[in-house]
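Take a look at the letters that make up each chain.
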Amino acid sequence: MSNKPENGRKKLDIRSLWQSGTIQKNGRITYDVVWNVILFFIIIGVIGLFFAGGVGAGYFASLVKDEEVRSEEQMKETIYNYSETSTMFFNDEKTEIGDVRSDLYREEVQLEQINEHLRNAVIATEDEYFGEHKGVVPKAVMRAVVQEVTNSSVKTGGSTLTQQLVKNQILTNEVSFERKAKEMLLALRIERFLDKDEILEAYLNIVPFGRNANGQNVAGVQTAAQGIFGVDAKDLTLAQSAFIAGLPQSPFGYTPFYNDGTIKEPENLEAGIDRMHEVLERMHEAGYITQAEYDEAMKFQINEETLTDPKATVLGTYPAINQEVQGRAKAFIKDYLMKENGHTEKDLAEDEELSEEYETMAESELSAGGYQIHTTLDKEVYDAMQKVRDSYTEGNWPWGKETALNSEGQEVKVDSPLQLGSMIIENSTGKIYGFIGGYDFEEENLNHATQARRSNGSTMKPLLVYGPSFDMGAAQPGSVIADVPFYYNSGKEVRNFSRNHRGFVSARYALAKSYNVPAVKQYKKIQSQKPVENYLVKMGMEENLVKDDYTNESMALGGLRYGITVENNVNAYATFGNKGKFVDAYMIEKIETKDGETIYEHEVEETEVYSPQAAYLTIDVMRDVLEYGTGSRVRGLLYNRGVDWAGKTGTSQSTRDSWFVATNPNVTVGMWTGFAEGNMQHLNYNSRTQGLWADVVNAVSELRPELMIPENDFQSPGGLVTRSYCATSGLLASDLCSSVGLAKSDLYDADYAPTKVDDSLISGDFVRVKDQLVVAGPNTPGEFIIDGGGVTLSPEFLEENGYTSSEVLRELLPNSGAWSNVALPSTESIGSTASSIDNDGQAPAAPGL
């Protein structure tokens, strides 16, 4: 069936509806409804925009309401103040040490002296609309706000060069919306007072560019060009310009140099090279360079051949102080900035970018913040210590050898001087009055008093063995420790410096003479009580320790993996001088802003490490080091011999290190000398170490007698008693012990004084063979037996203390003095042949009348 009639009817219906106006009427109604709806939303949107704008404007106004309206003169003065120099002072608060700027090198340069490629590179990278905006780019700001609100992982930033100039020169580096709002307001004002060239020139002179080939921090394009590529800013190539222009985003991340001036490994240079490529791409996109120029510049490599060599620099009159004080001050300023911005160390540990930002902020603040840094250093004391160093180095100074790489990368032996480091610390406060940083700090740039870590040898014995043992009651000065053959758990023998043994010795004598075997034996006895954690860590040495140091038996002899600094060692000895309380040594007294606000001030805090009794006992034993021990020559070198000094010598393996550290009731003075590698030909340089120590003490005593020469000796804290003990066991001396001359006397903590009477000796019959007392056998003729009998060590005593092997028994009895009155028991009693006398086949001599 056809459908044409139906289609025809539909056409007639539409035509009739159109002719009647029905379609037009309905269309107008629909249009009106849709337009009204659209208009409604437009009106709502406009109202919302005005409302949001009003709220935003109100919020912006609230953020900047406290910002003063700066005049043109004020703005220019602040902008062109490229560096508010921070100054360091000696402890008199008026004598200047020097200028902190020596660590941040900047040379001002005019815009016309800056390569055009570099100018274009900075604009293309940091502010593509620089020539058009009036200080702020709204869409860039909105983009940055959205990224911040949404916590976007990719942040493009919203700061123009003008805003960055404000942030660096006028405002602080505080991370907040308030600072950002003020930054925008001031940027708008700067654009009214300065033209674009002036803004660009100022920016290029103030921005930091990481490190130069000497490892020093640099700011400004001229210093960066010279320090990185060895050319002036006007002579930079396109590729060099692009590399430098990319540095400000992450100066220390992209810099090609470490802080010692060495060039980073190839893989660590990649980030800076990638950034250079990014800058070149932006320059090409912006039309600053041609495709050919872009292609050629992209081939440029950052390596040893294209970077400049280190240059000789002058660090000022006090280079070692400059480095040390600035490093410590930077840490305090960083901490201050963190607290001001509400951040913690944990925040920085979890956010590498934030940590780097604060490093940069602290560097900038220190170099250009106008701070007054007051130190504990005494100028005259410091100068006197350097004169002592110079008096030796100008004369017959020992030289050794160390391994180095030649130009072909081969290991060779080169001359190496005996290095030295020294420090004076006040016991009760921790103030560092002076130090010696090394033989040639200016050349090596390593502070051997505060930075170099070395084995402290036998100076560890009072800190980790005897002091803790006295404190725990595990030993006392009169405790007897047999110096006989002994082995580490590894099977290696513990050796004394003299390579022989002394038999029965007291803890006092063993420390005074610095015997190694008794120290290791005593350390093993207390190791389960964690002396490293309970003593060394409490004295600030945790950062120097690795896991193995907590368990190694050789720690008793200073056998750390990496060692400790002179400052660590002297600071720890000051604990004894401060009645057992540790006070952390310090060099920065306070830091003030240019307006006089104190942002840091040192507070003395005490940590009890040893009891007053244990500290005094250790002091009393270390007095003997200077009386008859390994430091006995020191007393004769001092001008003021009546001063109550107590100290300890120390020598590490292969005589790499030599120490003498001593304390009096006021101060502790330490001296270290050492070679880069072992130098057995210089076995006598311990005497030089002690001579240097004495010369420092003498020189400073003349200048500061009130500091170096106390009015009183160390005072007993009470709680101490004197007891007689037997030199075989350390127990109370028996009548038998006294009768053979082995009763000794010493000082004890009353809580740990011996209460048991010695039973290590028994009497018996003896004969003398080859000047030795030998226990008479059952068939020994009476004519050969010594009248009055003799005394021998008890077999039970020997068995109980493990003195049973022939190796030990041969060394057990000292061979002089009253010990000749004592013999070992028969071999049958203890199962040893040590006391037997070989049959020489000769007839015995006739008995005496």
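Because the structure is a prediction, the values reported are computed rather than measured. (Residues numbered from 1 in each chain as written. Predicted model: local features only at pLDDT ≥ 70, side-chain atom pairs only at ≥ 80, totals over all residues. Heavy atoms only, no water.)

Peer 1: Go over the environment of tryptophan 659, please, and point to the residues and values.
Peer 2: By secondary structure assignment, the location of tryptophan 659 is in strand S18 (residues 657–663). On the basis of relative accessibility, which here comes to 2%, the residue tryptophan 659 falls in the buried class. Once the C-alpha coordinates of tryptophan 659 and glycine 670 are considered, the two residues, 11 residues apart in sequence, prove to be 7.5 Å apart. A polar contact of 2.9 Å, which involves the side chain of tryptophan 659, links it to the backbone oxygen of serine 455. (Helix = DSSP H or I, 4+ residues; strand = E, 2+ residues; numbered from the N terminus. Buried < 20%, exposed > 50% of the residue type's maximum accessible area, 1.4 Å probe, protein only. Polar contact = N/O pair within 3.5 Å; in protein donor to acceptor, adjacent residues only side chain to side chain.)

Peer 1: Let's hear about the nonpolar core: which residues, and what values?
Peer 2: Within the largest apolar cluster, 89 residues are counted, with the highest numbers of intra-cluster contacts made by Ile373 and Leu463. The element best represented in this core is helix H14 (residues 319–340), accounting for 8 residues. Look past the residues within four positions of isoleucine 373 in its chain and what remains in contact with it is Thr87, Met88, Phe89, Val100, Val325, Ala329, Leu366, Ile588, Lys590 and Ile591. Ranked by size, the runner-up nonpolar core spans 59 residues in total, among them Ile190, Ile228, Ile244 and Met276. (Core = buried A, V, L, I, M, F, W, Y, C linked by side-chain atoms within 4.5 Å. Contact = heavy atoms within 4.5 Å.)

Peer 1: I'd love a proper account of the packing of H14 against helix H16 (residues 352–368), names of residues and values included.
Peer 2: In the contact formed by H14 and H16, the axes pass within 9 Å of each other and the chain directions differ by 120 degrees. For the element pair H14 / H16, the angle class is oblique. Seen along the crossing, H14 lies across H16 with a hand that is right-handed. In contact with Gln326, Ala329, Lys330, Ile333, Lys334, Leu337 and Met338 of H14, H16 contributes Ser355, Tyr358, Glu359, Met361, Ala362, Glu363, Glu365 and Leu366. By residue class, the composition of the contact of H14 with H16 is 8 nonpolar, 2 polar and 5 charged. (Axes fitted to C-alpha atoms, helices over the stretch in contact; angles between N-to-C directions. Parallel < 35°, antiparallel > 145°, perpendicular 65-115°, else oblique. Left-handed = near helix turned anticlockwise from the far one by under 90°. Nonpolar A, V, L, I, M, F, W, Y, C, P; charged D, E, K, R; others polar.)

Peer 1: I'd like a description of the confidence of the model for the protein chain, backed by residues and values.
Peer 2: Here the protein chain shows a mean pLDDT of 85. Residues at 70 or above account for 81%. Residue range residues 50–65 is modelled with pLDDT below 50. Its contacts to residues more than four positions away, or to other chains, number 11 contacts. Across residues 152–156 the pLDDT falls below 50, and counting only partners more than four positions away or on other chains, this stretch makes 6 contacts in the model. (pLDDT = per-residue confidence, 0-100.)

Peer 1: Kindly report on the packing of aromatic side chains, identifying the contributing residues and their values.
Peer 2: In total, this model carries 18 aromatic pairs according to the counting rule given. Ring-pair connections join several aromatic residues into one group, and the members of that group are Phe90, Tyr318, Tyr382 and Phe435. Here lysine 196 stacks its cationic end above the ring of phenylalanine 130, 4.7 Å away from the centre of that ring. (Phe/Tyr/Trp six-rings, centres within 6.5 Å; stacked < 30°, edge-to-face > 60°. Lys NZ or Arg CZ within 6 Å of the ring centre and 35° of its normal.)

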